[in-house]
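Structure assessment
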Amino acid sequence: MFGFGKKAKKLDGIDILIIKTVDAKSRNFYQVAFPSVVANDVLSMLQKLEKSKINQQEFLGEIGGFRIVTHLEALTSYDVLDDADMEAHPIQIPDFANMLLRRLEALDESGAMGESEDLAFIMGELTMLRDGSFVPQN
């Protein structure tokens, strides 16, 4: 389709997820960049968060109700053509994870979510992504 073919994925590249937000005031979407070697794990975790009951504005703030709309795989480079537009700049996964984690930690401390295995799993994954200690699973 349109000349795009499936090629062997390069694990030393960069993947970018385009995440659309619902009713966000400051931006319509986020581009989240991360190493291709952890792509399956990051995508799986964010899809789990996307489908969970936590994915609401009351819990996640501006990003609540997000949808993952595109996954760009194994990029060797990208060019930002509009430096003035903050949506044009990909957010690195540690920064994105930190943003989500701060919201989830506040929810956890307030007791608003109660005990949840999903919440504990997602917070653990986000902590590893934020701290750079994420190890890809084969």
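So, here's what we can say about the structure. What you are looking at is a predicted structure, and each value in this text was computed from that prediction instead of being measured.

Before going further, it helps to spend a moment on the pattern of salt bridges. Using the criterion set out here, one finds two salt bridges in the structure. Among the salt bridges present, the one from K48 reaches D118, with a minimum N-O distance of 3.6 Å. One end of the pair, K48, is in helix 1 (residues 39-51); the other, D118, is in helix 4 (residues 117-131), with 70 residues separating them in the sequence. With relative accessibility at 34%, the residue K48 sits in the partly exposed group. Taking the shortest distance from any N to any O, the salt bridge between D131 and R130 comes out at 3.0 Å. R130 sits in the partly exposed class, given a relative accessible area of 28%.

On to the packing of helix 1 against helix 4, then. Think of two packed helices as two axes; the pair is described by the angle between the axes and how far apart they sit. Interhelical geometry of helix 1 versus helix 4 gives an angle of 140° and a closest axis separation of 11 Å. Relative to helix 4, the element helix 1 lies oblique. The way helix 1 lies across helix 4 gives a crossing that is left-handed. Contacts between helix 1 and helix 4 involve V42, M45, K48 and L49 on the former and, on the latter, D118, F121, I122, E125, L126 and L129. Broken down by class, the residue content of the contact of helix 1 with helix 4 amounts to seven nonpolar, no polar and three charged.

Attention now moves to the packing of aromatic side chains. All chains considered together, the criterion is met by one aromatic pair. One Lys or Arg, K48, reaches over the ring of F121 and ends 4.4 Å from the middle of that ring.

With 15 residues, helix 4 ought to run about 21 Å at 1.5 Å a step, and its terminal C-alpha atoms sit 21 Å apart, in line with that. Looking at helix 4, one finds that the buried residues are L119, I122, M123, E125, L126 and L129. Buried residues in helix 4, looked at end-on, bunch into an arc of 165°, giving them a common side. Looking at helix 4, the residues exposed on the side facing more than 90 degrees away from the buried face are E117 and A120. The inward-facing, buried residues of helix 4 abut helix 1 and helix 3 (93-110).

Our focus in this paragraph is the environment of V32. Relative to the assigned elements, V32 resides in strand 2 (residues 29-35). Once residues within four sequence positions are removed from consideration, V32 is found in contact with D15, I16, L17, I19, I91, I93 and F96.

Conventions and cut-offs
- Residues numbered from 1 in each chain as written.
- Predicted model: local features only at pLDDT ≥ 70, side-chain atom pairs only at ≥ 80, totals over all residues.
- Heavy atoms only, no water.
- Salt bridge = Lys/Arg side-chain N within 4 Å of Asp/Glu carboxyl O.
- Helix = DSSP H or I, 4+ residues; strand = E, 2+ residues; numbered from the N terminus.
- Buried < 20%, exposed > 50% of the residue type's maximum accessible area, 1.4 Å probe, protein only.
- Axes fitted to C-alpha atoms, helices over the stretch in contact; angles between N-to-C directions.
- Parallel < 35°, antiparallel > 145°, perpendicular 65-115°, else oblique.
- Left-handed = near helix turned anticlockwise from the far one by under 90°.
- Contact = heavy atoms within 4.5 Å.
- Nonpolar A, V, L, I, M, F, W, Y, C, P; charged D, E, K, R; others polar.
- Phe/Tyr/Trp six-rings, centres within 6.5 Å; stacked < 30°, edge-to-face > 60°.
- Lys NZ or Arg CZ within 6 Å of the ring centre and 35° of its normal.
- Expected span 1.5 Å × (residues − 1).
- Arc of directions from axis to C-beta.

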